[in-house]
Each structure stands twice: as C-alpha cells, then as structure tokens.
Amino acid sequence: MPGADWSRHKVICFESDDWGCCCWTPSPAALQRVVAIREVREHFDRRRLWRWVDGSLETPEHVTALCDFLERFTGADGRPAVFTPCYIMGNPDFERIAAGGMAEYSDLLIDGAVPSAWELGDFIAPAREGIMRGVWRPEYHARLHHTQPYLWLETVREGHPEAAPLFEEQIFQQSGMRPEYQDMDEATQRDWVEGGMSSFERAFGYLPECAINCDASELTERIWWEWGVRTRLNRFPDEGVFGPSPFTEMTYLRRNVRLEPLGIDDEYTASGFTGAWRELQQAWASGQPAIVSTHRKNYVSFVAEQQRQGYLQLELLLIGIAESYPDAVYLTSAEIGQLHRTGVSALAWPDEIVCRNYTRETRSIALPLPEGREIVSAVDLPSGEEVTVGEEDGSPMLVAPEGDFAVRLRPQ
C-alpha cells in the first residue's frame, strides 16, 4: 500500500515536550532560594540546566493563551495551526514520600493532582478545550520526566548535597539523569506504563497514538505498542525523517526543524526563527514534512522576556509560512505517522473526523467513529463541497481522491 507523496504536500507539524511536568522550579521564590545554595548551583552547572530552570508548570492561562495564538493562523485546508503537546503524566508525591520516611516512591497523576507547591490551577480543562478547537492534540511523553523513580529516591536517601534542599522545594531533578525505565523488570514496566496511559485517557478522553522518550527500551516500546502507540517521535532513522522500528511495526518519526530559542533573541541562537525557517525550507525542498521541535519552556517562563521571545519567534515562522507558502497545511504527529504507513489518515476530533489522502489515487478511508456520535455530512477542505460517506462491511468509509476532508459529527 503506497505511503504519502510528500513532494506534493507542504506539511508542518509542531511537537512540544514537557507539558504537565512539575519540572525545574515551582515559583520564582523557590528558584531564588535554591540558586542561593552552592551545591544546587553546581548541580545546575553539571547538568547544563540554566536555560531551563526558570520555566515551570503551565497555568490554565498559559494553555488558553497558546491555543488562542494558534487559532489565529490557518493552513491551506482552512484548519488552524495545531500543536502536538507531549505530556508527562506523573510527578512525585513529595509529602507522602516524606511522611513515609523516604522508604517508598509515590506519585500524583496529573488527571487528579500535582504536588502542593506546584498547584497553579486546572491546566487539563483548557487542554481539553484546545482539543475541541482543533489546535491541541496531546500525545504521551512519560510518567516521570527522564527520572527513574526508585533510583531517584535512593539519591535522596543517600544524602546527595543538592538533594535535601531540592526535595524541600518539591523539585526532583537531582544527581544526574536516571533514565525512566532503567532497571525496571517487565512486571514493573507494565504497571508503570499502565498508570501513565490510564491517566492520559482520563485526562484527554482517548489513548495516545504517539509517544516520545529516549529512555524507552525495546520492552517499553513493545508495551507501548500493546497500548495502541503506532508512532515513536524523534527517533533517528538512517536517513530522512521516517524509519521502521526494529522491535515493532511502529513508525519512527524524526524532528528536522528546531524552534527552541528558550528565551534567547533570534540573532544569538542557532535554533531560533532564522534557523527554523532555513530547516523548514530544506525539509520541503527534499520532499519531507517539516517536524518542528519546540519545548514548553518557550511559552511558559517566570521571565516575561523569555516567554515573549518564544511567541515572537513562533509568530515570525507562522507569518512566513502564510506569506510564502499559502499551500502549506498544519498536521498532527498522529496524522503524519498514518500517512507515512498507508498514504491516508483519519483522526477523530470531538465533532469531526479529519481525513487526508496524500496519494495520487482514490482511496477508501475507514472512519474511526467515536462512541455516541453519528455522521452528519462530509466536506472537501477547503472548498466546502460535500462528499459522500459510504459503508463497507457495515463500517463507515470515505471514498476520497487526493486531498483533505472533514466528516462532521453530532451526538446520537
């Protein structure tokens, strides 16, 4: 079955890591307290964390503002620019760990709570609203950000010099990276992944189709596959942006554009707007989709100028696309993975299924109709002309030529 003909479609995808993560510091006051401690400063030096430490957990206002911003820009199919935010699903339950004498690890999953020092409001509700608006499509990052929970707790118990003051401020980035799945046997990994995936489904209403984590082992990937993950993000095939997994039938998708100013003016960083614009053009010139890396830190920071730079340089990129490439479209990571494998995609949103056929032949596209929804109509994007939905073996199908389509839904 032929895959997508990317040379005929200018596609851009924004992948953004670390959402939901209680990482770095919970408040400006906490940051001020910990950087006054020599051992913590040395730790930040060793880990090269200074460009990150003044970021924090997103507030509801942060998510709403970014969704509002994305909605200002539309692609050739009439749909808005969209982020694929990759979520961390759990954070240490510092108070419970301390109450138990540091003997056992316990965490808080973000569909229920975050550590008390990080409580900044319900950031899940605006994420779900962003899904409704078609500008926010969460995928899975980890249960604990680049940290093996049990080994991390050992470093706290062992009294590493930066561990006590950081733990007191409810900060878990300590003592060097401990890969999340290190030394976990199969039963432990299955239990650990189940908790993260279940939290994801409760938070966003569906299971993820994509996952990203350089800590994942062959076993992790196989477990992800069983949960329905079909595309592993930012893996590195021999060439290009796509490659097959050696362990599963999963697609590997590499990022080939970096929009990571992290608060630095474009003139002084290789990963700001200018670099991203050049890499985006190179991707399209080589007949590949442009897969952009742009972390949460660019849009969530205690330093107003850093946040301003993140929005400014994203805006420059989006304006450049609108002015120079009006035929470009914004896709999610899940759509790109599907298109690579089969040449077509069908992604269910709350009130519609967006279908794409990027081959040169008419294709039948199976429609993943959500439970409790029925089909109202189907239209070609962006012309708005109606197209026909058929049926095959009792299941709804869209028979479509090359192009972009939307199947409108309503509650039954």
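Reading the values: the criteria
- Residues numbered from 1 in each chain as written.
- Predicted model: local features only at pLDDT ≥ 70, side-chain atom pairs only at ≥ 80, totals over all residues.
- Heavy atoms only, no water.
- Helix = DSSP H or I, 4+ residues; strand = E, 2+ residues; numbered from the N terminus.
- Rg over C-alpha atoms; globule rule 2.2 N^0.38 Å.
- Buried < 20%, exposed > 50% of the residue type's maximum accessible area, 1.4 Å probe, protein only.
- Contact = heavy atoms within 4.5 Å.
- Areas by Shrake-Rupley, 256 points an atom, 1.4 Å probe, with all protein chains shown as cover.
- Lys, Arg positive; Asp, Glu negative; His and termini not counted.
- Charge placed at Lys NZ, Arg CZ, Asp CG, Glu CD.
- Pairing = 2+ DSSP bridges.
- Axes fitted to C-alpha atoms, helices over the stretch in contact; angles between N-to-C directions.
- Core = buried A, V, L, I, M, F, W, Y, C linked by side-chain atoms within 4.5 Å.
- Salt bridge = Lys/Arg side-chain N within 4 Å of Asp/Glu carboxyl O.
- Phe/Tyr/Trp six-rings, centres within 6.5 Å; stacked < 30°, edge-to-face > 60°.
- Disulfide = S-S within 2.5 Å.
- 1 Å grid on protein atoms, 1.4 Å probe; cavity = no way out; pocket = protein on both sides within 12 Å on 5 of 7 lines; lining within 4 Å.
- Points joined across faces, edges and corners; volume = space filled by probe spheres on them.
- Nonpolar A, V, L, I, M, F, W, Y, C, P; charged D, E, K, R; others polar.

S.K.: Any chance you could explain the overall build of the protein chain here in plain terms?
M.R.: A count of helical and extended segments in the protein chain gives twelve helices and 20 strands. Taken over C-alpha atoms, the radius of gyration comes to 22 Å for the protein chain, in line with the 22 Å a tight globule of 412 residues would show. For the C-alpha atoms alone, the extent of the protein chain along its principal axes is close to 65 × 50 × 40 Å. Taking all 412 residues of the protein chain together, 58% fall into the buried category. Counting only contacts in the protein chain whose residues sit at least 6 apart along the sequence, the fraction spanning at least 24 positions is 72%. Summed over all atoms, the accessible surface of the protein chain reaches about 16800 Å², with 48% contributed by carbon and sulfur. Counting 38 positive and 65 negative side-chain charges, the protein chain places the averaged centre of each group 3 Å from the other.

S.K.: Please clarify how the sheet that holds strand 13 (residues 344-349) should be interpreted in this entry.
M.R.: Strand pairing in a sheet relies on backbone hydrogen bonds, with the paired strands running either antiparallel or parallel. Taken in spatial order, the five strands of this open sheet run 13-14-20-16-17, and their pairing is antiparallel. Across the chains shown, the open sheet's two edge strands, defined by having one partner strand only, are strand 13 and strand 17 (386-387). Bridge count between strand 16 (residues 373-381) and strand 17: two bridges; the pairing is antiparallel. Across the sheet, residue Ala378 finds its bridge partner in strand 17, namely Val387. Sheet contacts for helix 12 (residues 333-342): strand 13 and strand 14 (352-357); angle to strand 13, the most-contacted strand, approximately 150 degrees.

S.K.: It is not clear to me how the sheet that holds strand 18 (residues 389-392) should be interpreted in this structure. Could you clarify?
M.R.: Within the open sheet, the three strands sit side by side as 15-19-18. Their pairing is antiparallel. One side of each edge strand has no neighbouring strand; the edge strands of this open sheet are strand 15 (363-366) and strand 18. Direction aside, neighbouring strands of the sheet carry axes that sit 45 degrees apart on average. By the bridge criterion, four bridges tie strand 15 to strand 19 (residues 395-400) in an arrangement that is antiparallel. Within strand 19, the position partnered with Ser364 by the bridge is Val399.

S.K.: Would you mind going over the nonpolar core with me for this structure?
M.R.: Buried together is how nonpolar side chains tend to be arranged in soluble globular proteins. Of all hydrophobic cores here, the largest spans 106 residues; its most connected members are Trp136, Phe204 and Trp224. Counting residues in each nonpolar core, the second largest holds twelve residues, with Val344, Ala400, Phe405 and Val407 among its members.

S.K.: What is the right way to read the pattern of salt bridges from this model?
M.R.: Opposite charge on two side chains allows them to pair when their charged atoms are near. Per the counting criterion, the structure on display carries 28 salt bridges. Glu221 is paired through a salt bridge with Arg232; the nearest N and O atoms lie 2.8 Å apart. One end of the pair, Glu221, is in helix 9 (residues 218-226); the other, Arg232, is in strand 7 (residues 231-233), with eleven residues separating them in the sequence. Accessibility assignment for this pair places Glu221 and Arg232 in one class, buried. Residue Arg356 is joined to Asp404 by a salt bridge in which the shortest nitrogen-to-oxygen separation is 2.6 Å. Linking Arg356 in strand 14 with Asp404 in strand 20 (residues 403-411), this pair joins segments that are 48 residues apart in sequence. Classification of Arg356 as buried rests on a relative accessible area of 1%. We classify Asp404 as buried; its relative accessible area is 10%. In this structure, a network of salt bridges that share partners links the residues Asp77, Glu335, Arg356 and Asp404.

S.K.: How do you make sense of the environment of Ala216 when you look at a structure like this?
M.R.: Position of Ala216 relative to the elements: it lies in the loop between strand 6 (210-211) and helix 9. Note on Ala216: relative accessible area 11%, which makes it buried. Considered as a pair, Ala216 and Tyr181 are 35 residues apart in the sequence and their alpha carbons are 6.4 Å apart. Apart from the residues lying within four places of it in its own chain, the contact partners of Ala216 are Tyr181, Trp224 and Arg232.

S.K.: What exactly am I supposed to notice about the packing of aromatic side chains here?
M.R.: Given two aromatic rings, their pairing is described by the distance between the two centres and the angle made by the two planes. Following the criterion strictly, the structure yields 26 aromatic pairs and no others. Note on Phe14 and Tyr330: the rings are 6.4 Å apart at their centroids and 20 degrees apart in plane angle, and the pair reads as stacked. Of this pair, Phe14 sits in strand 1 (residues 11-19) while Tyr330 is found in strand 12 (residues 329-330), placing the two residues 316 residues apart along the sequence. With 5.2 Å between their ring centres and 75 degrees between their planes, Phe94 and Phe167 make a pair best called edge-to-face. Within this pair, whereas Phe94 is found in helix 4 (residues 94-99), its partner Phe167 is found in helix 7 (residues 163-168), the two being separated by 73 residues in sequence.

S.K.: Can you walk me through the state of the cysteines in this structure?
M.R.: The bond known as a disulfide is covalent and runs between the sulfur atoms of two cysteines. Overall, the coordinates contain zero disulfides when judged by the stated rule. We note that Cys21 lacks a disulfide partner, and the nearest cysteine sulfur, in Cys23, lies 3.9 Å from it. Of all cysteine sulfurs, the one in Cys210 lies closest to Cys86, which takes part in no disulfide; the gap is 7.7 Å.

S.K.: I tried to follow the side chain of Ser106 on my own but got confused; where do I start?
M.R.: Inspection of the secondary structure assignment puts Ser106 in the loop between helix 4 and strand 4 (107-109). By relative accessible area, Ser106 is classed as buried at 14%. Aside from chain neighbours lying at most four places away, what touches Ser106 is Pro92, Asp93, Arg96 and Ile97.

S.K.: Would you mind showing me how to read the layout of surface pockets here?
M.R.: Over the atoms rolls a probe the size of a water molecule, and its path tells where empty space is left. If you add up the space inside the largest pocket, you get close to 520 Å³. In this structure, the largest pocket is lined by 27 residues; those nearest its centre are Asp17, Trp52, His145, His146 and His295. Tallied by class, the residues present in the lining of the largest pocket amount to nine nonpolar, nine polar and nine charged. Each pocket or cavity is described by its volume, and for the second largest pocket that value is around 380 Å³. In terms of lining residues, the second largest pocket is bounded by 15 residues, among which Gly205, Tyr206, Ala348, Pro350 and Pro370 are the most central. Contributing elements (two or more residues each) for the lining of the second largest pocket: helix 5 (124-133) and strand 13. Per element, the largest residue contribution to the lining of the second largest pocket is three residues, and it comes from helix 5. Looking at the lining of the second largest pocket residue by residue, the class counts come to ten nonpolar, one polar and four charged.

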